[in-house]
Amino acid sequence: MNEKLYKAINAAAATSLATGICVLVTGVAAGVLLIVNGSRLLKHKTKVLL
C-alpha cells in the first residue's frame, strides 16, 4: 500500500515540476517579446505620433 502511495505522490510531484517549468519558460519568453516590441515602438515613436 505504501509503495502505491509513494509512486502516486512521486508522479504528481514530477508533473507539477514539469508544469511549473513550462509556465516559467513561457512567461519569460512572453516578457522578452513584450520588452522587444516596446523598445521598437519607442524607437519609432516620432513616426507613430505624426
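Data block above holds the structure.
Residues numbered from 1 in each chain as written. Predicted model: local features only at pLDDT ≥ 70, side-chain atom pairs only at ≥ 80, totals over all residues. Heavy atoms only, no water.

Draft legend 1. Main features of the overall build of the protein. What the protein contains, in helices and strands, is two helices and zero strands. Radius of gyration (C-alpha) of the protein: 22 Å, far over the 10 Å computed for a compact globule of 50 residues. Dimensions of the protein, computed from C-alpha atoms along their principal axes, come out at roughly 70 × 10 × 5 Å. Across the 50 residues in the protein, those meeting the buried criterion constitute 0%. (Helix = DSSP H or I, 4+ residues; strand = E, 2+ residues; numbered from the N terminus. Rg over C-alpha atoms; globule rule 2.2 N^0.38 Å. Buried < 20%, exposed > 50% of the residue type's maximum accessible area, 1.4 Å probe, protein only.)

Draft legend 2. Structural detail: the pattern of salt bridges. By the definition in use, this model includes one salt bridge. Note that lysine 7 and glutamate 3 form a salt bridge whose closest N and O atoms lie 3.5 Å from each other. Linking lysine 7 with glutamate 3, this pair stays in helix H1 (residues 2-43), spanning four residues, or about one helical turn. Relative accessible area serves as the criterion here: at 55%, glutamate 3 is assigned to the exposed category. (Salt bridge = Lys/Arg side-chain N within 4 Å of Asp/Glu carboxyl O.)

Draft legend 3. Local environment of the environment of leucine 49. In this fold, leucine 49 is placed in helix H2 (residues 45-49). According to the relative accessible area criterion, leucine 49 is exposed, its value standing at 65%. Spatially, the C-alpha atoms of leucine 49 and valine 36 are 19 Å apart, while their sequence positions differ by 13 residues.

Draft legend 4. The arrangement of a nonpolar patch on the surface in detail. Nonpolar side chains collect at one region of the surface, where Leu24, Val28, Val32 and Val36 lie side by side and expose about 350 Å² of accessible area between them. In this fold, valine 36 is placed in helix H1. (Patch = residues over 30% accessible without salt bridge, like charges linked within 9 Å, V, L, I, M, F, W, Y side chains within 5 Å. Areas by Shrake-Rupley, 256 points an atom, 1.4 Å probe, with all protein chains shown as cover.)

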